[in-house]
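Understanding the architecture of this molecule
Chain residues, written in single-letter form:
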Amino acid sequence: QVQLVESGGGLVQAGASLRLSCAASGGTFSSYSMGWFRQAPGKERQFVAGIGRSGGTTPYADSVKGRFTISRDNAENTVYLQMNSLNPEDTAIYYCAASTLILPGRNPTGYAYWGQGTQVTVST
């Protein structure tokens, strides 16, 4: 069973960048596809980006395409989310998740393991 710990969130102004990290332990990291999700107050958890086991498949939500980049380092058991040109609509708790499926899906039900989340707040 894999444990996930996110870091890198914070309070930034619109237009700024942040890089989130998610460190995995307790499992074979390279055997999981990974995803980033976010949840704003009063809203459902939303898919942000995913990455396949070897990093070759990287789907994105339309709302972040071209601004966010997901990557992974299997040697370091870490997945990253580089977020550029942040806007207030990106404010949410960001979660990383691990899936045993080969390809990273957009549905949170496909992910068995979740981190505790990291808060990202973007001010105007």
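The sections below set out a description of the structure shown in this document. Numbers given to residues run from 1 along each chain, matching the order in which its sequence is written. For a predicted model such as this one, the threshold for reporting local features is a pLDDT of at least 70, and the threshold for listing and counting side-chain atom pairs is 80 or more; totals across whole chains, interfaces and linings nevertheless cover every residue. The side-chain values count all of the structure's non-hydrogen atoms but skip hydrogen atoms and water molecules.

Observations regarding the nonpolar core
Nonpolar core, defined: a set of buried Ala, Val, Leu, Ile, Met, Phe, Trp, Tyr and Cys residues in which side-chain atoms within 4.5 Å join the residues together. Partly exposed residues are those whose accessible area sits between 20% and 50% of the maximum for their type, while under 20% is buried and over 50% is exposed, using a 1.4 Å probe and protein chains only. The biggest cluster of nonpolar side chains holds 34 residues, and the ones touching the most others in it are Met34, Trp36, Leu81, Met83 and Tyr94. Each helix is a run of H or I in the DSSP string that is no shorter than four residues. Each strand is a run of E no shorter than two, and both are numbered from the N terminus. When contributions to this core are tallied by element, the ones reaching two or more residues are β3 (18-25), β4 (33-39), β5 (46-51), β6 (68-73), β7 (78-83), β8 (92-99) and β10 (118-123). With 5 residues, the top contributor of residues to this core is β8.

Things to note about the environment of Glu89
By the secondary structure assignment, Glu89 is in the loop between β7 and β8. Judged by relative accessible area, Glu89 falls into the exposed class, the value being 62%.

Here's the deal with the side chain of Glu6
Looking at the secondary structure, you find Glu6 in strand β1 (residues 3-7). Each polar contact in these results corresponds to two N or O atoms within 3.5 Å; when the atoms are within protein, one needs to be able to donate a hydrogen and the other to accept it, and residues that are neighboring in sequence are counted only if both atoms are side-chain atoms. Within polar-contact distance, the side chain of Glu6 engages the backbone nitrogen of Cys96 at 2.8 Å. A polar atom in the side chain of Glu6 sits 2.9 Å from the backbone nitrogen of Gly117. It only takes one pair of heavy atoms within 4.5 Å for two residues to be counted as in contact. Aside from chain neighbours lying at most four places away, what touches Glu6 is Ser21, Cys22, Trp36, Tyr94, Tyr95, Cys96, Gly115, Gln116, Gly117 and Thr118.

Re the environment of Gly115
Along the chain, Gly115 falls in the loop between β9 (113-114) and β10. Given a relative accessible area of 12%, Gly115 falls into the buried group. On a C-alpha basis, the gap between Gly115 and Ala24 in space is 9.1 Å, while along the polypeptide they are 91 residues apart. In this view, Gly115 contacts Leu4, Glu6, Tyr95 and Cys96; residues no more than four positions away in its chain are not counted.

Observations regarding the packing of aromatic side chains
For Phe, Tyr and Trp, rings pair up if their centres lie within 6.5 Å, where Trp contributes its six-membered ring, and each pair is then called stacked (planes under 30 degrees apart), edge-to-face (over 60) or tilted (otherwise). What the rule picks out here adds up to 6 aromatic pairs. With centroids separated by 5.9 Å and ring planes inclined at 90 degrees, the aromatic side chains of Tyr32 and Tyr113 adopt a geometry described as edge-to-face. Taken together, the residues Tyr32 in the loop between β3 and β4 and Tyr113 in strand β9 connect sequence positions 81 residues apart. Ring geometry for Tyr95 against Trp114: centres 6.4 Å apart, planes inclined by 75 degrees, an arrangement best described as edge-to-face. Placement of Tyr95 in strand β8 and of Trp114 in strand β9 is noted, with a sequence separation of 19 residues between them. A relative accessible area of 11% means that Tyr95 is categorised as buried. For Trp114, a relative accessible area of 27% translates into the label partly exposed. Members of the aromatic cluster, each reached through a chain of ring pairs, are Phe37, Phe47, Tyr95, Tyr111 and Trp114. We call a charge positioned over a ring when the NZ of a Lys or the CZ of an Arg lies within 6 Å of the ring centre and within 35 degrees of the ring normal. Over the ring of Tyr95 we find Arg45; its NZ or CZ atom is 3.9 Å from the centre of that ring. Cation over ring: Arg45 sits above Trp114, and NZ or CZ is 4.8 Å from the ring centre.

Comments concerning the layout of surface pockets
Taken as a whole, the largest pocket encloses approximately 170 Å³ of empty space. Of the two site types, the cavity is a set of points on a 1 Å grid over the protein atoms alone where a 1.4 Å probe fits but cannot get out, and the pocket is an open set with protein on both sides within 12 Å along at least five of seven lines, each lined by residues with an atom within 4 Å of a point. Every residue lining the largest pocket is counted, 13 residues in all, and those nearest its centre are Arg38, Ala40, Lys43, Gln46 and Glu89. Asp, Glu, Lys and Arg are counted as charged, while Ala, Val, Leu, Ile, Met, Phe, Trp, Tyr, Cys and Pro are counted as nonpolar; the rest, among them Gly, fall into the polar class. Of the residues belonging to the lining of the largest pocket, the class tally is 2 nonpolar, 5 polar and 6 charged. Grid points are joined across faces, edges and corners, and a volume is the space filled by probe spheres set on the points.

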